[in-house]
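Given next are the chains, with one letter for each unit.
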Amino acid sequence: MRKAAYQGTVVLAALAGLITGAAPVTAEDQGSSAADPAYSATTSVGVHNAYEKSTYPYFADALDSGAALLELDVWTNGFGPGWRVSHGNPLGNDNNCVNAASTADLRAQRRNQSLPGCLADMRAWHDAHPGHRPIVVKVELKDGFNDKRGRGPDEFDALLNKSLGDALYRPGDLTAGHATLDEAVRARGWPQRSALAGTFIVELIPGTVEEGNPLDTLWTDREYGMHLRDLAARGELGRATAFPAVHGAVAGDPRERYQDPAIRPWFVLFDGDAATYAGSSIDTRWYDQRHYLLIMTDAHSVPPAIDGTRPTEEQARTRVDELATRHASFATADWYPLPKVLSTVRPRG
């Protein structure tokens, strides 16, 4: 039992200390306490492009880092095989994943593996760390899904189900007893952090190439939102492995961009530029009050900007504290040299 194996006594004690004297966890976060708050009642830190060898020699190092969110970039175009993990190479793999079959392999195999190889590393690491902190794995599909090549939402789910299985926290787990994700989180919020121990939560966002392609009219977020809607209608939501995020910081309810209102309730993650969210035009309390997860990227760029990779620990912690008061669930940057900052958990709001 992954959750029964939770070993977070030290983490919870530290978290209780952080919350002492800070803004209290709201009563709206049902079932939570100061010592063990709801997942949606905290602010954590993530690492941008954690799969790059210049960031971590091995993906296992990223998993060991203490970061609450790690990002993978994936390509699906027909000019190369499978699901490729790379930042700038759309034809092949360029990353720190090794396709580990066991813990012993995590730093002992050839790097530059495809997405299944990164998932294998996650599984091997997970098996060696029962009760690990919940980790959001943010997957940017650089050029979107590619159903014609067998790289669509169904195949994505099959791949993650095969590789990670019970290590995943899924949309079906969150909705349990409710019709949609929106209905579930607004009614009861996310589970407590201890209940999510030993899990990966997969976030899907559209990629930069996809968003810049005028011929692509079906971006990742909408395609997977439709996928969730259809699975739920067939009573098959348990197959789903990921949470699509609305990408881009805008005022109001960003889900109104989707012309089909039936997919809007399947979005409870929102992801965009920290400086825009931190400005005066967006009421970020709206996300917190509804228990939505809000990922603020490029945390270093919020005025006054600090270094994007190597700020002082004090600067980075101050920035995380600031974004916590602005209702971020995650503040992300390239702060991989600061492991003490990466493991920070603050009360949200």
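Criteria and cut-off values
- Every residue gets a number counted from 1 within its own chain, in the order that chain's sequence is written.
- Owing to the predicted nature of the model, reporting of local features is limited to residues with pLDDT of at least 70; listing and counting of side-chain atom pairs is limited to 80 or more, with chain, interface and lining totals taken over all residues.
- Note that water and hydrogens are dropped before the side-chain values are worked out from all heavy atoms of the structure.
- Salt bridge, as used here: a side-chain nitrogen of Lys or Arg that lies within 4 Å of a carboxyl oxygen of Asp or Glu.
- Here a strand is any run of E in DSSP of at least two residues, a helix any run of H or I of at least four, and the numbering for each starts at the N terminus.
- To sort residues, take the accessible area from a 1.4 Å probe on protein chains only and compare it with the maximum for the residue type: under 20% means buried, over 50% means exposed, and anything in between is partly exposed.
- Lines are fitted to the C-alpha atoms to define the axes, a helix being fitted only along its stretch in contact, and any angle between axes, read from their N-to-C directions, falls within 0 to 180 degrees.
- Convention used here: angles under 35 degrees read as roughly parallel, angles over 145 as roughly antiparallel, angles from 65 to 115 as roughly perpendicular, and any remaining angle as oblique.
- Residues count as neighbours in contact if any of their non-hydrogen atoms are within 4.5 Å of one another.
- Throughout this entry, Asp, Glu, Lys and Arg are counted as charged residues, while Ala, Val, Leu, Ile, Met, Phe, Trp, Tyr, Cys and Pro are counted as nonpolar. The remaining residues, Gly among them, count as polar.

If you check an unreviewed UniProt entry, the chain appears there as Lipoprotein from Streptomyces zagrosensis.

Peer 1: I'd like a rundown of the pattern of salt bridges, residues and numbers included.
Peer 2: Applying the stated criterion across every chain, the model contains 21 salt bridges. Residue K53 pairs with D94 through a salt bridge whose shortest N-O separation is 2.5 Å. One end of the pair, K53, is in the loop between strand 1 (42-47) and helix 2 (59-64); the other, D94, is in the loop between strand 3 (84-85) and helix 3 (115-128), with 41 residues separating them in the sequence. When its relative accessible area of 29% is taken as the criterion, K53 is described as partly exposed. According to the relative accessible area criterion, D94 is partly exposed, its value standing at 41%. With its nearest N and O atoms 3.9 Å apart, the salt bridge here joins K142 to D73. You can see K142 sitting in the loop between strand 4 (135-141) and helix 4 (153-163) and its partner D73 sitting in strand 2 (residues 69-75), a full 69 residues away along the chain.

Peer 1: Summarise the packing of helix 4 against helix 8 (residues 220-233); cite the residues concerned and give the values.
Peer 2: Two quantities define a packed helix pair, namely the angle between the helix axes and the distance between the axes. Two numbers describe how helix 4 lies on helix 8: the axes approach to 10 Å, and their chain directions differ by 75°. When the axes of helix 4 and helix 8 are compared, the pair comes out roughly perpendicular. Of the residues in helix 8, those touching helix 4 at P153, D154 and D157 are E223, Y224, H227 and L231. A per-class count over the contact of helix 4 with helix 8 returns 3 nonpolar, 1 polar and 3 charged.

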